[in-house]
Amino acid sequence: MQGPGEPETYRSAGCLITPATRRLLRDGQDVDVEGKVFDLIVLLVRDHQRALDKQEIIEAMWGLRPITDAALSQLIYKARRACGDDGEHQNVIRTIYGRGLQWVAPVEVVHADKPVAAEDAPTHLVPGKRRPRWADMAATSVAVLLCVGLAWWLIPRGSSEPSSALPRVALLPIDNATGDKAQAWTSQGIPGLMGSLLGQSRHIDVIDPLQVARVWRFTLPAGGDRIRHAKDATGASVIVSGKLSKLGHLYALSLHVDRGTWMGDDDIVLTGSEPSHLAVAAVPRIRQALDLTPPRLPTQLAQPVNAYLAQTYALGMDAGMHGRWSDAKPYFALCARKAPGFLPCRLRLGQAQASTNQLAEAGKTLADLLTQARKRHDTRLVALTLYHLARISLVRHEHATALKQLQQAAPLAETVGDIDLQTNIALGTVNVAAHLKRFDLAENQLRLAGTWIDQHGLKAKQADLYNSQASLAISRGDYAGAERADRAALAASVDIGNATNAVGDAYNLGLALLRQKKAIQALPLLAYTFRQGRRLHNTDLEFSSGDNLAIALLNAGATQPLPAITERLFAIGRTQKNPVWQAFAWILRGGRQWYDGDRAGALKSARQSVALVDPQQAPALWIALQYNVATAALFEDRAALPALSKQVDAVVSRQHRPADYGYTQWLIRAFAEAASSDSAAARAALRKAAATAHPGDPGNDDLHRAGLAIALATRDRDAARIVLEHFDPAQCQMADVLQLYMAWQRQLGDEQEALAAGQRLARLRDSMLAALRSHPPGIPAGAGSVAAAF
């Protein structure tokens, strides 16, 4: 690759690169490199003044031959290693986002008349010499940004094989051609069993059979091919399909291993008396077809102890793949008890317990599994278990614990090259970090997940990426951005044919509209998804939809449907043994009591809700609930308010970003000062609240509610003036604020203004009840309205 007139040697980063002799020395020592790796190094050094884009590098290295990203990534990885660089620090070969790859270390051109010496290498790579601390910090910051950038050639850290080079295998449902309905379980159960066995192997990325089963049920586009659709949706590079047939008293399992255009295909045929035994026997044959070495695992760890338990596990996988986790659970429990060495049984048992809302049991199962997986140094299983434990923590709203578990799992998933798990962990971290106001962390993980989804063609996860983007936008108070992301998620689910997720995306969109005070548009979506959640037996969706539906109705003063919705939410919370869900149900009951004038009942319900939430795990929720307590206590228990305000101050002071809670903190302090008959201090606190950023309350509803409540309780007209300075009752969409405003105007003797506010309240209520009876645009007719659910 030496060009005309090219110098004899380049000196850079402690390396001497001589194109004429194709020699590379690093720190005075010869480095043995492959020919194409050396060619890439010379290409980058020669044009070190600029970044080279992907296509330019491919054409220089391979001409017009089609080359995969995996091959290019492997080449860059080897070039970095040869120069003493890596994908984390990128001191020599750096990914320049949006531009390409560039040699960034200083380069000296050495001609024949100038001697070369390795000792003259720049000090930043010479042992024993340190850069100034500011340089260390700057390089570290750049490295962190580049590691999570959207570069198509992102290389995993460390010396392990890059994840992009691993065969990515999807095991599709097999065709049950036996004519025996009793063998229907084999269609999903056999690939479920084979996937779990194959997934224990090194140097292979097996897509979770549960994910493949979900993708297989997606709605195909007109004229689409299901196998091609599954491959495109999962980003698989290897597809394993097959058929089970009956030959007299024997079964025949025929598998087709499609290794892609350049690798060719393989066919595997096995016969025997038990389908599950054939599935176990097929695994080493699949590995052989993929040119993989035998797994370095003892036989008793790689498979169940006999064909009966193999079938038991496969039956559980079949039930789980169809979403019947209650049916799956006893199969996994039996397998875990009879084959304790087959750890995938315990993982699936924990999944089944969590999916049937046995969170305590699931936590214990997975904690025991984590201990066993660590003893066996099973890195992938440790990472998977930590991820599932984090999901349980998230359901319990234990966000700090969930973040710790995800951060422990992330480097392990990267080590084994499980790209699905890496992506899931990154997206989970986005959601948790956003909730905890760790925005830099959330942004980094969002970029990282986007890189993997793009790089590996994980189309089925595109909607998940948009959902996480929306979560981050919501945490920042960017509700318009959340709406855009939710619309994109819904479109992505529809595009890939994921009808089930589309229902969840419709809920998210409804919630985004609700947060922007577009309640009339939101209500049909929430009503629809509340009904669909119950139909789909999706308690998370049903509860979330029902909770936000009830909030929308309560905010509009449409309280008639609330008792039925609230009781349903109480029932779900108790059944799921979820204290936070029960707290939400208490909030709704208290809100209805407050609106109906039962302030003592509202105070009792608000305190019940607070008692169910841990301020260390969910500080924002706990503080918001204390605001409800303070509002009712101003009328029913003023003596309790000073101590309550101090409790809130203590919790806020321990947060990573205390200022994020300042708005609610000042409102609660205003209640406490008013309860102590210090009107001046109460008004000062209201002014502080008004001047504090509060993206979560863009309409100033909490401010209006607090000021009006204080004015009514203490007859302080100045308090009312502070919060009503820019208040327009004709634009208000909060029924309880309008109700307080009406009461205040009557206390002032302005019946005409009170009447106008009452008319506004009636219109708000009637429009919401009408929306409740309608269907959302784009939802098929016949799905039913929420009214039919009561």
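Structure: above.
Since we're looking at a predicted model, the values are computed, not measured.

**Q** Now, about the state of the cysteines: what can you tell me, with residues and values included?
**A** As enumerated under the stated definition, the model contains one disulfide in all. A sulfur-sulfur distance of 2.2 Å marks the disulfide that ties Cys-335 to Cys-345. Because the torsion about its S-S bond is 50°, the bridge between Cys-335 and Cys-345 counts as right-handed. Of this pair, Cys-335 sits in helix H11 (residues 325-338) while Cys-345 is found in helix H12 (residues 343-355), placing the two residues ten residues apart along the sequence. Judged by its relative accessible area of 0%, Cys-335 falls in the buried class. The thiol of Cys-83 is not disulfide-bonded; the next cysteine sulfur, from Cys-15, is found 4.7 Å away.

**Q** I'd like a description of the nonpolar core, backed by residues and values.
**A** What tends to happen in soluble globular proteins is that the nonpolar side chains get buried as a cluster. Core analysis: the largest hydrophobic core is formed by 102 residues, its most contacted members being Leu-549, Phe-671 and Leu-686. Looking at this core element by element, the count peaks at ten residues for helix H26 (residues 619-636).

**Q** Any details on H26? Residues and values, ideally.
**A** Relative to the 26 Å expected for 18 residues at 1.5 Å per residue, H26 spans 25 Å between its end C-alpha atoms, a close match to the ideal helical length. In terms of burial, H26 is largely enclosed, as 13 of its 18 residues are buried.

**Q** Lay out the pairing of strand E11 (residues 238-247) in plain terms, naming residues and giving numbers.
**A** Burial analysis of E11 places seven of its ten residues in the buried class, which makes it a mostly covered element. Where strand E8 (residues 168-171) lies against E11, three bridges are found, and the strand directions are parallel. By the bridge assignment for E11, Ala-170 is matched with Ile-239. Strand direction decides the pairing type here: strand E9 (residues 175-176) and E11, joined by two bridges, are parallel. Residue pairing across strands places Asn-176 opposite Leu-244, the latter belonging to E11. In this structure, E11 lies alongside strand E12 (residues 250-258), joined through nine bridges in antiparallel fashion. Paired with Ser-245 across the two strands is Ala-252, which belongs to E12. Taken together, E11 and the strand that follows it, E12, pair antiparallel across an intervening segment of two residues, in which Gly-248 is found at a positive phi of about 65°.

**Q** Let's hear about the side chain of Ser-393: which residues, and what values?
**A** Looking at the element boundaries, Ser-393 is found in helix H14 (residues 379-395). Only 2.9 Å separates the side chain of Ser-393 from the side chain of Gln-405, close enough to count as a polar contact. Among all residues touching Ser-393, those that are not within four sequence positions of it are Glu-398, Thr-401, Ala-402 and Gln-405.

**Q** Please provide a residue-by-residue account of the packing of aromatic side chains, values included.
**A** This structure, assessed with the given rule, holds eight aromatic pairs. Taken together, a centroid distance of 5.1 Å and an interplanar angle of 55° make the contact between Phe-727 and Tyr-741 tilted. With Phe-727 in the loop between helix H31 (717-724) and helix H32 (735-748) and Tyr-741 in helix H32, this pair connects stretches of sequence that are 14 residues apart. Side by side, Phe-727 and Tyr-741 carry an identical accessibility label, which is buried.

**Q** Before we move on, could you go through the pattern of salt bridges and cite the residues and values that matter?
**A** Scanning all chains against the criterion turns up 32 salt bridges. Notably, a salt bridge pairs Glu-34 with Lys-78, separated by 2.9 Å at the nearest N-O pair. In this pair, Glu-34 sits in the loop between strand E4 (29-30) and helix H1 (35-46) while Lys-78 sits in helix H3 (residues 69-82), placing the two residues 44 residues apart along the sequence. Taking relative accessible area as the criterion, Lys-78 reaches 22% and is therefore assigned partly exposed.

Reading guide: rules and limits
- Position numbers for residues count from 1 along each chain, tracking the sequence in the order it is written.
- Since the coordinates come from a predicted model, pLDDT governs what is reported: local features require at least 70, and pairs of side-chain atoms require 80 or more to be given and counted, while whole-chain, interface and lining totals use all residues.
- Each side-chain value is derived from all of the structure's non-hydrogen atoms; neither hydrogens nor water enter the calculation.
- In what follows, a disulfide is any cysteine sulfur pair within 2.5 Å.
- The numbering of helices and of strands both runs from the N terminus, where a helix is a DSSP run of H or I of at least 4 residues and a strand a run of E of at least 2.
- Exposure categories follow from relative accessible area, calculated using a 1.4 Å probe and restricted to protein chains: below 20% of the type maximum is buried, above 50% is exposed, and the middle band is partly exposed.
- Put simply, buried Ala, Val, Leu, Ile, Met, Phe, Trp, Tyr and Cys residues joined by side-chain atoms within 4.5 Å make one nonpolar core.
- The span one expects for a helix is its residue count, reduced by one, times 1.5 Å.
- Paired strands are those between which DSSP finds at least two bridges.
- In the analysis that follows, any N or O atom pair within 3.5 Å is treated as a polar contact, provided that within protein one partner can donate a hydrogen and the other can accept it, and provided that, for residues neighboring in sequence, both atoms belong to side chains.
- We call two residues in contact when some of their heavy atoms are within 4.5 Å.
- Put simply, two rings from Phe, Tyr or Trp (the six-membered ring, in Trp's case) pair if the centres are within 6.5 Å, and we call them stacked under 30 degrees between planes, edge-to-face over 60, tilted for the rest.
- By definition, a salt bridge exists where a carboxyl oxygen of Asp or Glu is found within 4 Å of a side-chain nitrogen of Lys or Arg.

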